[in-house]
Every structure is written in structure tokens, then in C-alpha cells.
Amino acid sequence: MDDRVSSWDVSAHGLASARLQILSKDRALLSALQELNSAGQQLGSYWRRGIVEEAEFTSRWNRHRTATERFIATSGEVVHRRLAQA
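Residues numbered from 1 in each chain as written. Predicted model: local features only at pLDDT ≥ 70, side-chain atom pairs only at ≥ 80, totals over all residues. Heavy atoms only, no water.

Draft legend 1. Seen up close, the packing of helix α3 (residues 27–48) against helix α4 (residues 54–85). Look at α3 against α4: their axes get within 8 Å of each other, and the N-to-C directions meet at 155°. The angle between the axes of α3 and α4 places the two elements in the roughly antiparallel class. In this structure, the crossing between α3 and α4 has a hand that is left-handed. Tallied by class, residues from the contact of α3 with α4 come to 14 nonpolar, 8 polar and 5 charged. (Axes fitted to C-alpha atoms, helices over the stretch in contact; angles between N-to-C directions. Helix = DSSP H or I, 4+ residues; strand = E, 2+ residues; numbered from the N terminus. Parallel < 35°, antiparallel > 145°, perpendicular 65-115°, else oblique. Left-handed = near helix turned anticlockwise from the far one by under 90°. Nonpolar A, V, L, I, M, F, W, Y, C, P; charged D, E, K, R; others polar.)

The following block contains the structure:
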């Protein structure tokens, strides 16, 4: 996990989030993005403490995983709708 975390590009993620917030008016997508960002921030903050309880870490990890899955599904729906309109 350490290698994955150290390779994250936080600034690119922030830029992509900002672009979506500016360019999208889809409430479901923006809600999924907000939950993903919140879950990621809480997971990262807890993980960086160094000493973590397994149950708490697992809970935060699962929240982030669920938020990621929701964001992927919601963004897929948005893309599908846009392609159907074209």
C-alpha cells in the first residue's frame, strides 16, 4: 500500500475535481465526487497518523472503496447519457 500511496498525484486529482465541479451540473455526479473526496481525505488523514487500528482503517478504506465505485458508476451514467444525446 505504501508504494501506491506515494505514487498518488494529489495535485492532478485536485485539478480534475475542480474541473468537474466547474463543468458539470449533474447533481448525482457532484455528490459522488464530494463523497469520494471526503472519504479519501479522511482515509489519508487517518493513515498518515502512523499508528492505526485495523478496524478503523478497514472502515475508512471500505468507505473510500464504496465511494470510488459509486463515482465510477455515476460518471459512467453521465457519459452514457451524453453519448446518447449526440
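Draft legend 2. Focus on the packing of aromatic side chains. Using the criterion set out here, one finds 1 aromatic pair in the structure. Ring plane angle 20° and centroid distance 6.3 Å describe the contact between F57 and W61, whose orientation is recorded as stacked. Taken together, the residues F57 and W61, both in helix α4 and 4 residues apart, mark about one turn of the helix. You can call F57 buried: its relative accessible area is 13%. (Phe/Tyr/Trp six-rings, centres within 6.5 Å; stacked < 30°, edge-to-face > 60°. Buried < 20%, exposed > 50% of the residue type's maximum accessible area, 1.4 Å probe, protein only.)

Draft legend 3. Quick look at the nonpolar core. Residues L29, A32, L33, L36, A39, A67, F71 and V78 constitute the largest nonpolar core, which totals 8 residues. Those elements that provide at least two residues to this core are α3 and α4. Excluding residues within four positions of it along the chain, L33 makes contact with S17, L20, Q21 and F71. (Core = buried A, V, L, I, M, F, W, Y, C linked by side-chain atoms within 4.5 Å. Contact = heavy atoms within 4.5 Å.)

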